[in-house]
Amino acid sequence: MTSLDLALIGNSSVAALIDANGTIVWSCLPRFDSDAVFCALLRDGRGADDYGFFEIELADFARAEQAYIAHTPILKTRLFDRHGGGVEITDLAPRFEQFGRLFCPVMLMRQVRPISGSPRIRMRIRPACEYGARRPAITWGSNHVRYVMPEMVLRVTSDYSITAILEETPIVLREPVSVVLGPDETLQGSAGEVFRRFLDDTAAFWRAWVRNLGIPYEWQESIIRAAITLKLNAYEDTGAIVAAVSTSIPESRASGRNWDYRYCWLRDAYFVVNALNRMNATRPMERYLDYIINIATSTNGRDLQPVYAISGKGGIEEREMASLPGYRGMGPVRIGNQAYSQIQHDVYGAAILAAAHVFFDARLALRSDESLFRQLEQLGGTKRVHTFSSVMCWAGCDRLAKIAARIGLADRARAWRARADAMHSAICERAWNAKRKSFAATFGGEDLDSSLLLLHELNFLRADDPRFASTVQAVEQELRRGEFLFRYSVPDDFGIPENAFVVCTFWYIDALSALGRKDEARALFQSILSRCNRHGLLSEHIDPRSGELWGNFPQTYSMVGMINSAMRLSIPWDEAY
């Protein structure tokens, strides 16, 4: 049965999800939001007529082992047969510095080598096109196979038998074989030579990148894996960071809550930038800020969208793809996301909060002058009846006041401070529910929302403000289910949510820490880490009863929550030893 016990490989240009037996079950090429060339994640099956996967099938298979090479996104899978034979599969997407510039091509690479006995393998390379609607046309040469698809021609170059690839002939593996998947271009060198060089250079790149990270003393391996995952979800060409590399994995069983997350949500910008900043990951932070600022300053009077394509394009029309049955057959499979057309005013505050780093972080080379400030001013001050949206708008005005003071615009600082103070008073008056002794999700409302746990994180309330402690208490009483917190508990268009939104539990952990409930926060954080899959990855939702992961995967927001909580909870390095 399909599960989210998957590993992610990538290079910030392309990504792939690989199952526990080393099969590539999901990859969109030539970029994150392109056609799903490998789509078996959403159309389970490995029969004679099935397709959308790249499998190394070991005869008389008995068991598998799988792990990343330490501090890299390079994956090794070992398959063993019942007779003592075994093979090792190494998967990577190349990324390194070459000729004075970054090399991260549209390319996936695999090597299969024998490690014991006389293993007999069958290589089944079966890409799909038009989201699983059909298989591509095939042509071939002496060292390659071409799969002709509408968006690209995928070339497979290999030192493995081309006939064995075309006819899927089982052979006894005597020596390592390498496979390079990429655009329809001639490979410069043999597949084996190129694989060895790219493997070494890619491993060296990631180890150097990890060495430059700022990480907490505790939970180091978990945070390094989270940081690498965040990096893999960042599209190098534009700086956009996608919510996940997948689409249409349901938030809960057969719920219909199936969305396409291969896009960039501005609401997440503040939290993502904070995580990148805390880890000293300045380049992806700077690229992401550049992406956000370009969008925020080019609206030309139009409303900011909640979500954009990785190119920065606005319209992401949503449609259903009947050609794919869905994760475990639980459709529909959706491409695009109609949320782009919604009006969500919290995105204005999120954009300003993220952009504020440009004015206060001296490491960044982005423009931080009065011209940019004037453009950001256009985003400030929108009102909204939802408490969280209103608080985010207040936060936007608050940061505009601080930015203005920073660059010496005293009159604008006073104006934005006055507006922020007025909004703060209005929110406290209209969103506070005296009966519940808590802020409510909406002005004058009764219901709660886990986003209220962020009131201190956003500096709206001090940690010692009794209203913050009582709001946290109300939220935990109403929305906590075992170890996890739900975003809300009231019905929406799809009914009452069945699974917990993972990042809400991290918000709760952060709130407990701010309130001085450190022991509770640490115990809960440790418990949530144990819910990661074998590779330390989290999806968007989790079943509070079984602990099973649901929702799109791996979820950037969940990994960011893990990073931010670890940074708060870990003992300082200067107290560690």
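Residues numbered from 1 in each chain as written. Predicted model: local features only at pLDDT ≥ 70, side-chain atom pairs only at ≥ 80, totals over all residues. Heavy atoms only, no water.

K.L.:
Got a sec to walk through the packing of helix α4 (residues 269-278) against helix α6 (residues 346-360)? Specific residues and values, please.
P.N.:
α6 packs onto α4 with a crossing angle of 20° between their chain directions and a minimal axis gap of 8 Å. In terms of orientation, α4 and α6 fall into the roughly parallel class. Here Ala269, Tyr270, Val273, Asn274 and Asn277 of α4 lie close against α6, whose contacting residues are Ala350, Leu353, Ala354 and His357. Partitioned by chemical class, the residues of the contact of α4 with α6 number six nonpolar, three polar and no charged. (Axes fitted to C-alpha atoms, helices over the stretch in contact; angles between N-to-C directions. Helix = DSSP H or I, 4+ residues; strand = E, 2+ residues; numbered from the N terminus. Parallel < 35°, antiparallel > 145°, perpendicular 65-115°, else oblique. Contact = heavy atoms within 4.5 Å. Nonpolar A, V, L, I, M, F, W, Y, C, P; charged D, E, K, R; others polar.)

K.L.:
Give me the lowdown on the pattern of salt bridges, citing residues and values where you can.
P.N.:
Enumeration according to the criterion identifies 39 salt bridges in this entry. Notably, a salt bridge pairs Arg534 with Asp5, separated by 2.7 Å at the nearest N-O pair. Of this pair, Arg534 sits in the loop between α12 (518-529) and β27 (541-542) while Asp5 sits in the segment before β1 (7-10), placing them 529 residues apart in sequence. You can call Arg534 partly exposed: its relative accessible area is 47%. Notably, a salt bridge pairs Arg531 with Glu483, separated by 3.3 Å at the nearest N-O pair. (Salt bridge = Lys/Arg side-chain N within 4 Å of Asp/Glu carboxyl O. Buried < 20%, exposed > 50% of the residue type's maximum accessible area, 1.4 Å probe, protein only.)

K.L.:
Give a description of the sheet that holds strand β28 (residues 549-550) that names residues and reports values.
P.N.:
Read across the open sheet, the three strands follow the order β26-β27-β28; overall the sheet is antiparallel. Two strands in the sheet have a free side with no partner beyond their single neighbour: β26 (500-501) and β28. Relative to β27, β26 runs antiparallel, the two sharing two bridges. Residue pairing in the sheet places Phe501 in a bridge with His541 of β27. (Pairing = 2+ DSSP bridges.)

K.L.:
Lay out a nonpolar patch on the surface in plain terms, naming residues and giving numbers.
P.N.:
A grouping of Ile138, Trp140 and Leu166 is seen on the molecular surface, where their side chains present a nonpolar patch of about 300 Å² in accessible area. Tracing the backbone shows Ile138 in strand β13 (residues 137-140). Exposure remark for Ile138: the relative accessible area of 38% places this residue in the partly exposed category. (Patch = residues over 30% accessible without salt bridge, like charges linked within 9 Å, V, L, I, M, F, W, Y side chains within 5 Å. Areas by Shrake-Rupley, 256 points an atom, 1.4 Å probe, with all protein chains shown as cover.)

K.L.:
Account for the environment of His386, with residues named and values stated.
P.N.:
Relative to the assigned elements, His386 resides in the loop between α7 (370-377) and α8 (387-406). Along the primary structure His386 and Ser142 are separated by 244 residues, whereas in three dimensions their C-alpha atoms are 63 Å apart. Dropping the residues within four chain positions of it, His386 is found in contact with Ala441 and Thr442.

K.L.:
Tell me about the packing of aromatic side chains, and name the residues and values.
P.N.:
With the rule as written, the count across this model stands at 21 aromatic pairs. Taken together, a centroid distance of 5.4 Å and an interplanar angle of 90° make the contact between Phe205 and Trp206 edge-to-face. Here Phe205 and Trp206 have matching classes, each one buried. When the centroid spacing of 4.7 Å and the interplanar angle of 65° are considered together, the rings of Trp219 and Phe525 count as edge-to-face. (Phe/Tyr/Trp six-rings, centres within 6.5 Å; stacked < 30°, edge-to-face > 60°.)

K.L.:
Talk me through the pairing of strand β8 (residues 86-92); I want residue IDs and the actual numbers.
P.N.:
β8 sits mainly inside the fold: seven of its seven residues count as buried. Along β8, one buried face is formed by Gly86, Glu88, Thr90 and Leu92 and the opposite face, lined by Val87, Ile89 and Asp91, is buried too. With six bridges connecting them, strand β7 (residues 75-81) and β8 associate as antiparallel partners. By the bridge assignment, Phe80 is partnered in β8 with Gly86. Between β7 and the antiparallel strand that follows it, β8, lie four residues; Gly84 among them carries a positive phi value of about 95°. As defined by bridge partners, β8 adjoins strand β11 (residues 108-116) across seven bridges and the pair is classed as antiparallel. If you follow Leu92 over to β11, its bridge partner there is Met109.

K.L.:
Describe the sheet that holds β7, listing the residues and the values that go with them.
P.N.:
Strand order in the open sheet formed by eight strands is β6-β7-β8-β11-β17-β15-β14-β13, with antiparallel pairing between adjacent strands. Only two strands of the sheet have a single neighbouring strand rather than two, namely β6 (61-68) and β13. Ignoring strand direction, the axes of neighbouring strands in this sheet form an average angle of 20°. Across four bridges, the pairing between β13 and strand β14 (residues 144-148) is antiparallel. Directly across from Trp140, in β14, lies its bridge partner Val145.

K.L.:
Talk me through the packing of helix α11 (residues 502-514) against helix α13 (residues 556-569); I want residue IDs and the actual numbers.
P.N.:
Running from N to C, α11 and α13 point in directions that differ by 15°, and their axes come no closer than 8 Å. Overall, the two elements α11 and α13 adopt an arrangement that is roughly parallel. In terms of crossing hand, the pair formed by α11 and α13 is left-handed. Together, Val502, Val503, Phe506, Trp507, Ile509, Asp510 and Ser513 of α11 and Tyr557, Ser558, Gly561, Met562, Asn564, Ser565, Arg568 and Leu569 of α13 make up the contact between the two elements. For the contact of α11 with α13, the class distribution of residues is eight nonpolar, five polar and two charged. (Left-handed = near helix turned anticlockwise from the far one by under 90°.)

K.L.:
I'd love a proper account of the side chain of Thr471, names of residues and values included.
P.N.:
With respect to the helices, strands and loops of the structure, Thr471 is situated in helix α10 (residues 466-479). Ignoring any residue separated from it by four or fewer positions in sequence, one finds Thr471 in contact with Trp432, Lys437, Ser438, Phe439, Leu452 and Leu455.

K.L.:
Help me get a handle on the state of the cysteines, residues and values and all.
P.N.:
With the rule as written, the count across this model stands at zero disulfides. Not engaged in a disulfide, the cysteine Cys532 finds its nearest cysteine sulfur in Cys504; these two sulfurs lie 16 Å apart. (Disulfide = S-S within 2.5 Å.)

K.L.:
Break down α10 for me, citing the residues and quoting the values.
P.N.:
When the terminal C-alpha atoms of α10 are compared, their 20 Å separation across 14 residues agrees well with the 20 Å that a helix rising 1.5 Å per residue should span. All of the buried residues along α10 are Phe468, Ser470, Thr471, Val472, Ala474, Val475, Glu476 and Leu479. (Expected span 1.5 Å × (residues − 1).)

K.L.:
A description of α13 should follow, citing residues and the corresponding values.
P.N.:
Over its 14 residues, α13 runs 20 Å from end to end, which matches the ideal 20 Å to within 8%, given 1.5 Å per residue. When you tally the buried positions in α13, you get twelve out of 14 residues, the bulk of the element. All buried positions along α13 are accounted for by Thr556, Tyr557, Ser558, Met559, Val560, Gly561, Met562, Ile563, Asn564, Ser565, Ala566 and Leu569.

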